[in-house]
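Structural features, examined
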Amino acid sequence: MTVDDAAAPTTQPVTAVTIPDQPPPPVVPRRFRWSLLGVTALVLAGIGLRFVSVGPLWLDEAQSVSIASGPLHLLPHALRMDGAPPLWYVLLHAWIKVFGDSTYSVRLMAAIPAIASLPIAERLGRRLGGSDVARTTLILMATSPFAIRYAVEARMYSLLLLLSLLGAHALLSIHRSAKPVWPATALAVLMCALLYTHYYAIWLGLVVGAGELWRAVRRHDKRSWWVVGALIAAVVGFLPWLPILRFQAAHTGAPWLAPPSFNAVLDTVSAWAGGASPLARIAQLVMLALVLLAVLGRRGTRRTVVIGPPVAGDPLRLLGVVFGVVLVAIVDAMITKQAYAPRYTSVVLGLFVVLVAIGVQSLPSQNTRRIVIVSLALIGLGVGAAAVGQPRTQVGRVASALETSSHPGDVVLYCPDQLGPSAARLLDSKSLGLKQVVYPDLASPTRVDWVDYAERMSLGDPAIVAEQVEKMAGKHTVWLVWAPGYRSIGGACGGLVEQLSVLRGPPYTAVSRDARTSESMSLEEFAPAPA
């Protein structure tokens, strides 16, 4: 080999390297895109309805704003005469300080926990049943006419819904997490907050506590002891309010409704479905069927549903809590002769919606499930829109008539006094110079005093009150805002019309009562008697 040969580069054979093709981007099925768009549209529509505010505040809202607007150190005394726990009023007091007490502002405060409840409910559905149950829960909660209705009312019901859903998460975490101390602490705090929000939290605590105590004793479930301990800690935190609760229970009560019967169970489900309209009745029947499927049904082969005995598990426990709370509340109201209103059951609404969502997944085919979900959602949106679009009181018409026709020094008499807070709120803001009083004690109309209410009303005498108002008005006009049919009032308000007619002659009806409105009322003008 020569030197030149050694210096010459050696040539290596070239091997072709094949670069594999990149996988194509995933193709999203068109059906999935439309499904996602539909879910988004339904949820956004439900959220939008939670910002609708139509008409002035009605009695309960106006009473709440009046109490919350006062000094915080006087709040316990004010609530002794009202019959509610304080947390909502403390929060509303702070809200008013920052954002004012306009009708839209105070109702907006209720919308915030209502919207916050949506992802919390979705997450609860995921933990109890997976992604399909989570998606269904989100849609049904967003379009729930009951949740929409009380998201636009300046009361504590949306906060009650949020706290109960958070409490359900804490309870689940006690049973499922490696370290139950932190979720137990969270449950104690949330349960205490529930007790300070609404007294129906007592029934929730009793039902859940009884079930957990049974599991702790019979099944030796150590995690259940953590739940029981958390509930006891919540009660300890509630003890400072107990003296006021005892006074309220003895003296305030709820004299505006008759005690319920067991029919109230179905009435409650009807309220959750949206009320008494034909569409809401259909939704009620479908929801009840889905609840039964959640507990008794299983998806079988060949698009069938298998019905069998209930199996111990989350659906059965949800059923026990939801209807256990409703039944205990109804029985207590029957025994103590107190009122029962479905809106108080906001404390279990979220659990009911999750239970319905679990029932949907027992349906035999995907198309059937979609049809049921969309049908319930559209009914909910329609009924919910009708509810929030209907003013709850006629007080706007009454205030407008008084603003147009009254004069400073005129007397406005409210019978019953329950018509006073909503009207006085509007009239005081207009500075019309009117003297506003309520039957029978001629007190201020800004708040209703519920202490021994029925007894005080029974002592009223329309003839005496009419003479007192006649002297107060003198040569000025007497305006009577009244409505019949209020429990504990009897025929007193109609008697006032008769007595004032004797003193001043027949009245002129400035506003006629519309019985379709929840808080309906008439406005009668009694001009001074001719000299």
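Residues numbered from 1 in each chain as written. Predicted model: local features only at pLDDT ≥ 70, side-chain atom pairs only at ≥ 80, totals over all residues. Heavy atoms only, no water.

1. Comments concerning the sheet that holds strand 7 (residues 522-526)
Taken together, five strands build an open sheet; the order of strands is 4-3-5-7-6 and the sheet is mixed. Of all the strands in the sheet, just strand 4 (435-438) and strand 6 (508-511) have a single pairing partner and so form its edges. The mean inter-strand angle of the sheet, taken between neighbouring strand axes irrespective of direction, is 25°. The pairing of strand 3 (residues 411-415) with strand 4 spans four bridges and is parallel. Bridge pairing links tyrosine 414 to valine 438 in strand 4. The sheet contacts of helix 22 (residues 462-473) involve strand 3, strand 4 and strand 5 (478-482), and relative to strand 3 the element is tilted by about 160°. Along the sheet, helix 23 (residues 492-504) makes contact with strand 3, strand 5 and strand 7, crossing strand 5 at roughly 160°. (Pairing = 2+ DSSP bridges. Helix = DSSP H or I, 4+ residues; strand = E, 2+ residues; numbered from the N terminus. Axes fitted to C-alpha atoms, helices over the stretch in contact; angles between N-to-C directions. Contact = heavy atoms within 4.5 Å.)

2. Re the pairing of strand 5
By the criterion of burial, strand 5 is predominantly enclosed, with five of the five residues buried. Alternating residues of strand 5 divide into Val478, Leu480 and Trp482 and Trp479 and Val481, and every residue in both groups is buried. Bridge analysis of strand 3 against strand 5 gives five bridges, and the strand direction is parallel. Residue leucine 413 lies in a different strand from strand 5, and its bridge partner there is leucine 480. Here strand 5 runs beside strand 7; their pairing, made up of five bridges, is antiparallel. Following the sheet pairing, valine 478 is matched in strand 7 by phenylalanine 526. (Buried < 20%, exposed > 50% of the residue type's maximum accessible area, 1.4 Å probe, protein only.)

3. Re helix 10 (residues 181-195)
Across its 15 residues, helix 10 extends 21 Å between first and last C-alpha, which sits within 8% of the 21 Å expected from 1.5 Å per residue. Burial in helix 10 covers these residues: Pro183, Ala184, Leu187, Ala188, Leu190, Met191, Cys192, Ala193, Leu194 and Leu195. Looking at the buried positions of helix 10, the neighbouring elements they touch are helix 5 (87-99), helix 9 (157-176), helix 11 (201-218), helix 12 (222-238) and helix 17 (346-360). (Expected span 1.5 Å × (residues − 1).)

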